[in-house]
Structures are given as structure tokens and as C-alpha cells.
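Remarks on the overall topology
The chain contents come next:
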Amino acid sequence: MGEFFSALFNNLKILRIRDFIDVAIVAYVIYKGIKLIKETRASQLIKGIFILVAFMYISGVLQFNTINFILENTLQIGLIAILIVFQPELRRALEKVGNTSISKIIKINDDAPESDIDDVFTAVSKLAKTKTGALILIERNTKLGDIMASGTIVDSHISEALLVNLFVPNTPLHDGAVVIGDNRIKAAACFLPLTENTSFSKELGTRHRAAIGVSEVADCIAIVVSEETGTISMALNGNIKRDYTPATLKREVAEILESDKPSEGKKKSKREKIFPWVVNKK
């Protein structure tokens, strides 16, 4: 009898170790998957899918048969549509996994130093004075990983000198957009989708239409400096406003970011960590 219980205990011990390793691997894979999704616009889609699944479950419990039938069929068709629509993102994610070294797989934390976003507005002011065309994107909630993949990764501190130099004409990275987020200048020379809205003035060039286009698909702030006139513009939520001064631009960007601020007593938002200068600053 003693041998039986001893063997049973040993088997349970081995099973527990295997279960722990199994759960740890699955948890790590889920963590990496979430991290990959957060870097693209697909994260917003995933949230929508979870909401639909929740409604489908609730409609089933409450026996709303028609709603439940519609949601079930929508999700079945939607999963196929997702594979088609997000095929480029899925391909890049698999390529990233294939090109990742063991050291990068093990590394989890990546603390970035803080940088002063004020350099952005100083750079915009200088670019406007010299009539140097520029397009700068500031990430908010929607990540721009798929847009950054179309350009060149920079991953640098936010620097006025670097921003100005990135847009110097006839240099390799001057043509395209610069993406700023997570305390860093993330990428340069990024290609953006042009807006298909024909209601805007024909005076708007490709750079302005690209700013409007990206603001239609993401909640980022797109700052534009006109190459012809030096006019400063800002695109947000599919609309564009022109004739900013550096001071009015900074004030309006601060107000936009301030609107993302959580109520008092809550944990600091990611926006506060990225742009600490906005907090309690009028």
C-alpha cells in the first residue's frame, strides 16, 4: 500500500510540473501575441470582437434567438474576413517571430527614458520658418506599427535637431512621415494612406491628404508643415485645421491629450507617461 501511494505521489508531482510548464508556455505565447497586436491597428478590431462575443453570449443566455443567430453567423464570416483584411499584419508578425533571437524572446521589460515633447513644437517652428515640408504623427491609443513597417525604424530620443534633420530635402528619410510615441521617435519615411474624401480643398497637397487619411483610420495627431507656404496644419479624426502658430498648436495638442487624462485618483494613463509635460500644465 505504501508503494502505491508513493508511486501515485510521484506521478502527481510530475503531472503538476508538466502542467505548470504547459500553462507557463501558453501564458507567454498569449503575452507575446497581445504585444504584437498592440503595435498595430488590429488591437481595436480585437476589442470589437470581444464585445460581439460578449453580446452573443448574453443574447444566448437571455434567449434572444434572432440576435444570437445573427451574431453567430457574423462572427463566423468575420473570422474569414479578418484573415483576408489583416493578411499583411499577420505576415509581418510571423516574420518578426522568425527573425527574433533567443535573447529578444527572453527579454520582457523594455524601459524607455523620458523625453521632452516640447522639442517637437520647436522643430515644427523651425521647419515652418524655412518652409521645409514635414509630416509628424503622435500616437495616442491606436498603435501605428503597420505604418512604421512601411518606413525606417529610428527608435531615438525625441530631439529637435534630429526632427529637423529628418525632413531636410534630398536626404534619404525626408520623404514620408515621422512617428512619435512611447517617449521615442519611432520611425521615419513612413508611407500613409491618402484620404478618399473629395470634399477638401484642391489646394491641399499629398502631404496634407496623407495626414487626413491616417487620421481617418487611427486616433493619432498628424502635424503638417507646408513646403510651399510654411503653414502649420493638424489633422485629427478625418478633419484638418490650418494656419496654426507653434504656440496655438502646442496648446491644442495639450488639450487633446488632456482629454485622454483619467479622472483624479485613477492610475496614470499611458498618455501621461509618454507626455509628462502635459499634466497640470495649462
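In case you missed it, the structure is sitting above this.
Bear in mind the structure is a predicted one, so any value in this text is a computation, not a measurement.

As a further point, take the packing of helix H6 (residues 118–129) against helix H10 (residues 246–259). For the pair H6 and H10, interaxial distance at closest approach is 9 Å and the crossing angle is 150 degrees. The orientation of H6 relative to H10 falls into the category roughly antiparallel. Read as a crossing pair, H6 and H10 show a hand that is right-handed. Side by side, H6 and H10 meet where Asp118, Phe121, Val124 and Ser125 of the first sit next to Pro246, Leu249, Lys250 and Val253 of the second.

Burial analysis of strand S6 (residues 232–236) places 5 of its 5 residues in the buried class, which makes it a mostly covered element. Burial along S6 is two-sided: Ile232, Met234 and Leu236 and Ser233 and Ala235, pointing in opposite directions, are all buried. The turn linking strand S5 (residues 221–225) back onto S6 is made up of 6 residues, and Gly230 within it adopts a positive phi angle of 75 degrees. Relative to strand S7 (residues 239–244), S6 runs antiparallel, the two being bridged by 4 bridges. Across the sheet, residue Ala235 finds its bridge partner in S7, namely Ile240. Taking the residues between adjacent antiparallel strands as the criterion, S6 and S7 are bridged by 2 residues, where Asn237 takes a positive phi near 55 degrees.

Looking now at the nonpolar core. Ranked by size, the top nonpolar core spans 29 residues in total, and within it Val120, Val124, Val178, Ile180, Ile221, Ile223 and Leu249 carry the most contacts. Of all the secondary-structure elements, those providing two or more residues to this core are H6, strand S1 (134–138), helix H8 (160–166), strand S3 (177–181), strand S4 (184–190), S5, S6 and H10. By residue number, the principal contributor to this core is H6, which donates 6 residues. The contacts of Ile221, once residues within four sequence positions are left out, are Ile136, Leu137, Ile138, Arg140, Met234, Ala235, Leu236, Val253, Ile256 and Leu257. The next biggest cluster of nonpolar side chains, apart from the first, holds 22 residues, and it includes Leu135, Leu137, Ala222 and Val224.

About the criteria used
Residues numbered from 1 in each chain as written. Predicted model: local features only at pLDDT ≥ 70, side-chain atom pairs only at ≥ 80, totals over all residues. Heavy atoms only, no water. Axes fitted to C-alpha atoms, helices over the stretch in contact; angles between N-to-C directions. Helix = DSSP H or I, 4+ residues; strand = E, 2+ residues; numbered from the N terminus. Parallel < 35°, antiparallel > 145°, perpendicular 65-115°, else oblique. Left-handed = near helix turned anticlockwise from the far one by under 90°. Contact = heavy atoms within 4.5 Å. Buried < 20%, exposed > 50% of the residue type's maximum accessible area, 1.4 Å probe, protein only. Pairing = 2+ DSSP bridges. Core = buried A, V, L, I, M, F, W, Y, C linked by side-chain atoms within 4.5 Å.

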